[in-house]
Protein chains: 2
Amino acid sequence: MVKQVLLSSKYPSWMLFSVLLNLFLIANTFVGGEWASLLLNWSSRAAAEAEAVAEIGCSGHGRAYLDGLLGDGNEPVCECNTCYTGPNCSEFIPHCTANADGGDPLFLEPFWMQHSTSSALVVSGWHRMSYNYNDNTWISSQLESLIRKLHAFVSNAVTRNRYIVFGAGSTQILNAAAYALSLENTSSQSPTRVIASVPYYSLYKNQVEYFDSEKFEFEGDDHTWRNTSANVIEFVTSPNNPDGQLNKAIVDGPNVKTIYDRAYYWPHFTPIPAPADEDFMVFTLSKLTGHAGSRFGWAIIKDETVFNRMIIHIQLNSLGVSKDTQLRAFKLLKAVLEEGTEIFDFGYRTMKMRWDRLVTTLSLSNRFSLQKFNPQYCIFYCKIRDFSPAYAWVKCEREEDNDCHAVLKAANIIGRQGNVFGSKDRYVRLSLVRSQDDFDILIQRLQKLVSEEVGSQTT
Amino acid sequence: MVKQVLLSSKYPSWMLFSVLLNLFLIANTFVGGEWASLLLNWSSRAAAEAEAVAEIGCSGHGRAYLDGLLGDGNEPVCECNTCYTGPNCSEFIPHCTANADGGDPLFLEPFWMQHSTSSALVVSGWHRMSYNYNDNTWISSQLESLIRKLHAFVSNAVTRNRYIVFGAGSTQILNAAAYALSLENTSSQSPTRVIASVPYYSLYKNQVEYFDSEKFEFEGDDHTWRNTSANVIEFVTSPNNPDGQLNKAIVDGPNVKTIYDRAYYWPHFTPIPAPADEDFMVFTLSKLTGHAGSRFGWAIIKDETVFNRMIIHIQLNSLGVSKDTQLRAFKLLKAVLEEGTEIFDFGYRTMKMRWDRLVTTLSLSNRFSLQKFNPQYCIFYCKIRDFSPAYAWVKCEREEDNDCHAVLKAANIIGRQGNVFGSKDRYVRLSLVRSQDDFDILIQRLQKLVSEEVGSQTT
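Residues numbered from 1 in each chain as written. Chains lettered and ligands numbered in written order. Predicted model: local features only at pLDDT ≥ 70, side-chain atom pairs only at ≥ 80, totals over all residues. Heavy atoms only, no water.

An unreviewed UniProt entry lists chain A under the name Tryptophan aminotransferase-related protein 4, with Hibiscus syriacus as the source organism. According to the UniProt record, the Cofactor (unreviewed entry) comment for chain A reads "pyridoxal 5'-phosphate". Among the UniProt annotations of chain A, the heading Sequence similarities (unreviewed entry) holds the following wording: "Belongs to the alliinase family." (UniProt positions renumbered as here; feature names shortened; annotations may be inferred.)

Right under this line is the structure:
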């Protein structure tokens, strides 16, 4: 019939066109369909599943996950933020407690929702089953090279001629470091003293005390070790957790080793005055991309012997770091680099806005004070910049308020006690890196507290 | 024009049909396209990337990975198995060494290539960024429930009224267990003795010696502790690594704690005589699905105090287990359960075939002998079944061959020395769980060795 139509002149030309168009569209539909199914073959079911879960609306106050809690229909349901409930997380729980305790870096979650395409990851069932990569290490050379590129882009650490080792978050790295550096002094009879100046991140102390090795002992903030010939390891957190200050080492001596915890040394939280250039520096994905759940950290190490000891430690501890985690970190850091300064712009903007709101809220108060910062020149943004810390280090100024945590708790706010950081309980740490919901509720509770204070002063 | 055609009677009805078909196909192409792009939105780029990498042909002797080595065009290239090389891994390296050293469980890789759809995983950029799941633990309750279902399906472990804790592979679990169980005896002045009967998996010893806690000491296979009131932890590996035997505890006493390493207690390797029902049992994904690289293991624990100590240990060690790893394990175990007995059929078939080939190869030899097994009733397959061990525990029978590893090395075979397992060097462990290529080359080298032996006997 087609031939008949094509040859015939008794039908107008648009009819020929119509028939040809039909043929083209039919061909396109079939060939196109086949091509599309070739293009997405084994991954399409998983992709459809993941997208369906991502589509579940949780009113902006929660999210559903592939491996999430299941509802009646055996489908994942919304998992709501702290102060929200209901099937769509739409119901606010009025008198709920503001959680400002842990450092869960959910403030970056909206960034990844906005950059869903560049950060999506598809994993085949047979991806990296082996203990090792092809070079017989458990460290992905592609991921290592991305990390070096990122530090070069941000100018926050020198990586040239340094070794890089991975760990299950900075947590595993920090413990490995205590072992690796105390092994330096095998000739000595007495254990290595581990110190950190107050206020310090409590994990250093907890790890050393728990693992209870014959090699080391925790001494805290002991000034007698500041000029010493003894074997000392000093943890320096810079920016510091809890107070955000760019700390420097305080101990000096021929047998002193310093571990620089650089978890927060990113433009989200601090101006970058210069690339960090210490012998032993620790970073973590958690405070860079916000993926605390992935448990991925790394150390940049000058000395080969120390690097080799780190490798042995993490091998004996967990036979290296999950290949799934390394693949995820690879994808996320690739996305970070693809997007240029975007994640840093987003991180800084968010944290600065939060800090400013907190400062404004507490500015009317004589009861509570915050740590102070002096703006510094930032080589990443090429200008003088303010700090935008991950935590508020709040001091209760009234003499009777010697338990600041209890004062805030009475106002329905959970922070972390000063004594956890080796400090006085007159201080409390409030986390500013959590979800926007958590932060908003924190500000509401603080506003109420301050307005009561101001109200009582004026009456 | 369409209206004109529809109303007109001067054109034949097939022309109307043609135009309507045009409209339908045009609509279908556009609406269909839009629908498809709605269906796969943020994941399609990642899916296409992953499928393109999976399509890279490596002649069955290698594979390319998303985070793999890059070629000149900046695309991932083939990573070849040990004895193969070339851009497509098609070139055999003639005199290459047979690697039968590590327990890399690549024998299961073809299974996952065959089950690519059910095991594919799509991860959004914002998946599980938090340290914790919604129930404030770092343990996925969905994954935990799959693990319980799987043990019930295979009947290899009792999980009812038991706690389950996760770790970065059994490696992290085993170390945590040594700490958790030695903490039982805090009143005692002397450290807990850690023992394991020879031949034992070397990690137990290496961990205890390396972590050097004041709480425990490794004693090896010390028979004096067999009936004791002292604080003792015994590691029992069942099936045993290296010899595949269904070991039982040998130590008894009021202060004895036993850790059952059940890594190989799956139908791939052993008949299942009864569900394991010990106080402390350790399993790992590595020897079940073959995903050693994922670093995922779990312990099934009767006592709540011990469970809580495990939680604290792994928290201080790595703040729990990567959410990426848990998601991967979730997807893989879901696929395992979806496929019924398939992975066990595949695992057993493969390992049995390998064991039979090895037995046949060495049957002509008087120089080398293998461990022996008695078939047992298997409650999973409901019949008497042979063992199909993960490792061969080879003995060099000639008096002068007291270094069996060296004997095999001279024949271009790398095994693992007997002394690594606390045994004599007259023994060597050969891994049978590696890739088919590694196994084939091992058999070739052994055949040559045996034919030389037989040849020299007959001449």
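**A few points about the interface of chain A and chain B**
Taken together, the contacts link 110 residues of chain A with 110 residues of chain B. Surface buried jointly by chain A and chain B totals about 9,900 Å² across both partners, of which 56% is contributed by carbon and sulfur atoms. If you sort the residues of chain A by the area they bury against chain B, A:Trp126, A:Met129 and A:Tyr210 come out on top, with a joint share of 9%. The residue B:Arg128 makes a salt bridge to A:Glu79 at a minimum N-O spacing of 2.9 Å. The tally of links from chain A across to chain B stands at 67 residue pairs in polar contact (both at pLDDT 80 or more). (Contact = heavy atoms within 4.5 Å. Buried area = accessible area lost by both parts, 1.4 Å probe. Salt bridge = Lys/Arg side-chain N within 4 Å of Asp/Glu carboxyl O. Polar contact = N/O pair within 3.5 Å; in protein donor to acceptor, adjacent residues only side chain to side chain.)

**What to know about the relation of the copies chain A and chain B**
The transformation that overlays chain A on chain B combines an axial shift of 0.0 Å with a rotation of 180 degrees, and the residual RMSD is 0.0 Å. This pairing of chains is accounted for by a two-fold axis. A symmetric contact is evident, with 100% of the interface residues of chain A recurring at the interface of chain B. (Least-squares fit on C-alpha atoms with pLDDT ≥ 70 in both.)

**Digging into the state of the cysteines**
In total, this model carries eight disulfides over all chains according to the counting rule given. One disulfide bridge connects A:Cys80 with A:Cys89, the sulfur atoms lying 2.1 Å from each other. Taking the sign of the S-S torsion, about -85 degrees here, the bridge from A:Cys80 to A:Cys89 comes out left-handed. Given the relative accessible area of 0%, A:Cys89 is considered buried. Across the disulfide from B:Cys83 sits B:Cys96; the S-S distance is 1.6 Å. Disulfide B:Cys83-B:Cys96: torsion about the S-S bond near 70 degrees, hence right-handed. One end of the pair, B:Cys83, is in the loop between strand S2 (79–80) and strand S3 (84–85); the other, B:Cys96, is in the loop between strand S4 (91–92) and strand S5 (98–99), with 13 residues separating them in the sequence. Looking at B:Cys83, the relative accessible area reads 1%, which means it is buried. Looking at chain A, its bonded cysteines, counted consecutively from the start of the sequence, adopt the pairing 1-2, 3-5, 4-6, 7-8. Distance from the sulfur of A:Cys378, which forms no disulfide, to the nearest cysteine sulfur (A:Cys382) is 7.6 Å. Classification of A:Cys378 as buried rests on a relative accessible area of 0%. (Disulfide = S-S within 2.5 Å. Buried < 20%, exposed > 50% of the residue type's maximum accessible area, 1.4 Å probe, protein only. Helix = DSSP H or I, 4+ residues; strand = E, 2+ residues; numbered from the N terminus.)

**So, the nonpolar core**
Within the largest apolar cluster, 260 residues are counted, with the highest numbers of intra-cluster contacts made by A:Val165 and B:Val165. Discounting chain neighbours no more than four positions away, the residues touching A:Val165 are A:Trp138, A:Ile139, A:Ile173, A:Gly297, A:Trp298, A:Ala299, A:Ile301, A:Phe307, A:Met310, A:Ile311 and A:Ile314. (Core = buried A, V, L, I, M, F, W, Y, C linked by side-chain atoms within 4.5 Å.)

**Examining the UniProt feature "domain: Alliinase EGF-like" (unreviewed entry) in chain A**
UniProt's entry tags residues 41–96 of chain A with the feature "domain: Alliinase EGF-like" (unreviewed entry), counted in the numbering of this structure. Helix makes up 21% of residues 41–96 of chain A and strand makes up 14%, while its end C-alpha atoms are separated by 47 Å.

**Quick word on the packing of helix H8 (residues 203–211) of chain A against helix H9 (residues 304–318) of chain B**
Between two packed helices, the angle of one axis relative to the other and the distance separating the axes together describe the packing. Contact pair H8(A) / H9(B): the axes reach a minimum separation of 10 Å and the direction vectors enclose 125 degrees. In this view, H8(A) runs oblique relative to H9(B), as classed from their interaxial angle. The two elements H8(A) and H9(B) cross, and the hand of that crossing is left-handed. For the pair formed by H8(A) and H9(B), the contact residues are A:Leu203, A:Asn206, A:Gln207, A:Tyr210 and A:Phe211 on the first element and B:Arg309, B:Ile312, B:His313, B:Leu316 and B:Asn317 on the second. Counted by class, the contact of H8(A) with H9(B) contains five nonpolar, four polar and one charged residues. (Axes fitted to C-alpha atoms, helices over the stretch in contact; angles between N-to-C directions. Parallel < 35°, antiparallel > 145°, perpendicular 65-115°, else oblique. Left-handed = near helix turned anticlockwise from the far one by under 90°. Nonpolar A, V, L, I, M, F, W, Y, C, P; charged D, E, K, R; others polar.)

**A word on the pattern of salt bridges**
Residue and element names in this part refer to chain B. Counted under the stated rule, the structure contains 42 salt bridges over all chains. Notably, a salt bridge pairs arginine 45 with glutamate 49, separated by 3.6 Å at the nearest N-O pair. With arginine 45 and glutamate 49 both in helix H3 (residues 44–55), this residue pair falls four residues apart, about one helical turn. The exposure class of arginine 45 is partly exposed, given its relative accessible area of 35%. Using a relative accessible area of 26% as the deciding quantity, one classes glutamate 49 as partly exposed.

**Some words on unusual backbone geometry**
The omega angle of the peptide bond from A:Val198 to A:Pro199 is -5 degrees, so this bond is cis rather than trans. Despite not being glycine, B:Asn412 has its phi angle at roughly 70 degrees, a positive value. For B:Asn412, the location among the structural elements is in the loop between helix H12 (404–410) and strand S18 (413–414).

**Concerning the packing of helix H7 (residues 169–182) of chain A against H9(B)**
For the pair H7(A) and H9(B), the least separation of the axes is 6 Å and the interaxial angle reads 85 degrees. By the angle between their axes, H7(A) is roughly perpendicular relative to H9(B). Counting all contacts with H7(A), which are made through A:Thr171, A:Gln172 and A:Asn175, the residues of H9(B) involved are B:Gln315, B:Leu316, B:Asn317 and B:Ser318. When its residues are assigned to classes, the contact of H7(A) with H9(B) shows one nonpolar, six polar and no charged.

**Quick look at the pairing of strand S10 (residues 232–237) of chain A**
Residues and elements named next belong to chain A. Within S10, six of the six residues are buried, which leaves it mostly tucked inside the rest of the structure. Direction of pairing for strand S8 (residues 192–196) relative to S10: parallel, over a ladder of four bridges. Following the sheet pairing, arginine 193 is matched in S10 by valine 232. Examined bridge by bridge, S10 and strand S11 (residues 256–261) share six bridges and lie parallel to one another. In the strand pairing of S11, phenylalanine 235 is matched with isoleucine 259. (Pairing = 2+ DSSP bridges.)

**Quick notes on helix H7 (residues 169–182) of chain B**
Across its 14 residues, H7(B) extends 21 Å between first and last C-alpha, which sits within 8% of the 20 Å expected from 1.5 Å per residue. Buried residues dominate H7(B), accounting for 14 of its 14 residues. (Expected span 1.5 Å × (residues − 1).)

**Things to note about the sheet that holds strand S9 (residues 216–220) of chain B**
All names here are of chain B. Spatial strand order, S7-S13-S12-S11-S10-S8-S9: seven strands in an open sheet with mixed pairing. Looking along the sheet, the strands with just one partner apiece sit at the ends: strand S7 (163–167) and S9. Across the sheet, the axes of successive neighbouring strands diverge by a mean angle of 25 degrees, strand direction being ignored. Where H7 meets the sheet, its contacts fall on S7, strand S8 (192–195), S9, strand S10 (232–237), strand S11 (256–261), strand S12 (280–284) and strand S13 (297–301), and the angle it forms with S12 comes to roughly 165 degrees. Contacts from helix H8 (residues 203–211) reach S8, S9, S10 and S11 within the one sheet, and its direction differs from that of S9 by about 145 degrees.

**Section: the packing of aromatic side chains**
This model, assessed by the stated rule, comprises 56 aromatic pairs over all chains. On the basis of an interplanar angle of 80 degrees and a centroid distance of 5.5 Å, the ring pair of A:Tyr179 and B:Phe211 is categorised as edge-to-face. With one member in each of two chains, A:Tyr179 in helix H7 and B:Phe211 in helix H8 form a pair that bridges those chains. Per residue, the accessibility class of A:Tyr179 equals that of B:Phe211, and both read buried. With centroids separated by 4.8 Å and ring planes inclined at 20 degrees, the aromatic side chains of B:Tyr163 and B:Phe307 adopt a geometry described as stacked. With a gap of 144 residues between them, B:Tyr163 in strand S7 and B:Phe307 in helix H9 connect regions that are remote in the sequence. (Phe/Tyr/Trp six-rings, centres within 6.5 Å; stacked < 30°, edge-to-face > 60°.)

**Quick look at the domain arrangement of chain A**
Residue and element names in this part refer to chain A. As far as domains go, chain A holds domain 1 (2–99), domain 2 (141–338) and domain 3 (342–458). In total, domain 1 and domain 3 occlude about 950 Å² of area from one another, counting both sides; carbon and sulfur atoms represent 43% of this. Summed over the three residues of domain 1 that lose the most area to domain 3, namely Thr97, Ala98 and Asn99, the buried surface amounts to 54% of that side. At the boundary of domain 1 and domain 3, one finds zero salt bridges. Where domain 1 meets domain 3, there are ten residue pairs in polar contact (both at pLDDT 80 or more). Considering only residue class, the side of domain 1 that touches domain 3 consists of six nonpolar, seven polar and no charged. (Domains from an automatic or database assignment.)

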